[in-house]
Amino acid sequence: MQEDECKALLQNLLENSGITWQQDWHWIRFRFQSGGMVWETACRCEKGGVTAFGRYPFAAAARQAALEACSSINSCLRQGSLFLVDGAPVLRTYASLNDPYGAADALASMLEYNAAAIVQFWGKMQAACHGR
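Conventions we followed
- Residues numbered from 1 in each chain as written.
- Predicted model: local features only at pLDDT ≥ 70, side-chain atom pairs only at ≥ 80, totals over all residues.
- Heavy atoms only, no water.
- Helix = DSSP H or I, 4+ residues; strand = E, 2+ residues; numbered from the N terminus.
- Rg over C-alpha atoms; globule rule 2.2 N^0.38 Å.
- Buried < 20%, exposed > 50% of the residue type's maximum accessible area, 1.4 Å probe, protein only.
- Contact = heavy atoms within 4.5 Å.
- Lys, Arg positive; Asp, Glu negative; His and termini not counted.
- Charge placed at Lys NZ, Arg CZ, Asp CG, Glu CD.
- Patch = residues over 30% accessible without salt bridge, like charges linked within 9 Å, V, L, I, M, F, W, Y side chains within 5 Å.
- Areas by Shrake-Rupley, 256 points an atom, 1.4 Å probe, with all protein chains shown as cover.
- Salt bridge = Lys/Arg side-chain N within 4 Å of Asp/Glu carboxyl O.
- Core = buried A, V, L, I, M, F, W, Y, C linked by side-chain atoms within 4.5 Å.
- Phe/Tyr/Trp six-rings, centres within 6.5 Å; stacked < 30°, edge-to-face > 60°.

*Asks:* Please provide a residue-by-residue account of the overall build of the chain, values included.
*Replies:* Counting its regular elements, the chain contains 4 helices and 6 strands. Counting from the amino terminus, helix and strand elements in the chain follow one another as α-β-β-β-β-α-β-β-α-α. For 132 residues, the compact-globule estimate of 2.2 N^0.38 gives 14 Å, and the chain sits close to it at 15 Å. C-alpha atoms of the chain, sized along the principal axes, occupy 45 × 25 × 25 Å. Among the 132 residues that make up the chain, the fraction classed as buried is 40%. Long-range pairs, those at least 24 residues apart, make up 56% of the contacts in the chain with a sequence separation of at least 6. In the chain, the 11 positive side-chain charges and the 12 negative ones have mean positions that sit 10 Å from each other.

Below you can see the structure in the form of structure tokens.
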């Protein structure tokens, strides 16, 4: 799929899910929430796929502990990777959208996985970022 087709697919998925999003140059940004947890996800559409970056809303005051938590969590992830960007933990996942028939399901599954992993490791990442 071409970049504009990937972008349209993502926008349609978000609109059909009732998620408010905004276009910011090459990024499509939106917020997810689960319980009391709220975080931003930014997606970059390109030919053949979409990359999602779920950003925790706290900074890594204890950088070494946060990096160790990232490493530990990465060993548990079945897709994507967790790392620090400008001092905040970010989970990156990717959906290959080369098959137009399975593209919608692949994109939805990737976003669901990204959100589920953010929620699953929220406590561990927050504690590590605060040096606990």
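*Asks:* Outline the environment of Ala115, supporting the account with residue identities and numerical values.
*Replies:* Positionally, Ala115 belongs in helix 3 (residues 103-120). In sequence terms Ala115 and Ala65 are 50 residues apart; their C-alpha atoms lie 22 Å from each other.

*Asks:* Tell me about a negative patch on the surface, residues and numbers included.
*Replies:* The grouping of Glu3, Asp4, Glu5 and Glu46 at the surface amounts to a negative patch. Of the residues examined, Asp4 reaches a relative accessible area of 56% and is grouped as exposed.

*Asks:* I'd like a description of the nonpolar core, backed by residues and values.
*Replies:* Core analysis: the largest hydrophobic core is formed by 39 residues, its most contacted members being Leu10, Phe30, Val50, Tyr56, Leu107, Leu111 and Met125. At 8 residues, helix 3 tops the list of elements feeding residues into this core.

*Asks:* So what's going on with the packing of aromatic side chains? Residues and values would help.
*Replies:* Taken as a whole, this structure holds 7 aromatic pairs when the rule is applied. Residues Phe30 and Phe32 carry aromatic rings whose centres are separated by 5.2 Å and whose planes lie at 85° to one another, so their mutual orientation is edge-to-face. Exposure remark for Phe30: the relative accessible area of 3% places this residue in the buried category. On the basis of relative accessibility, which here comes to 17%, the residue Phe32 falls in the buried class.

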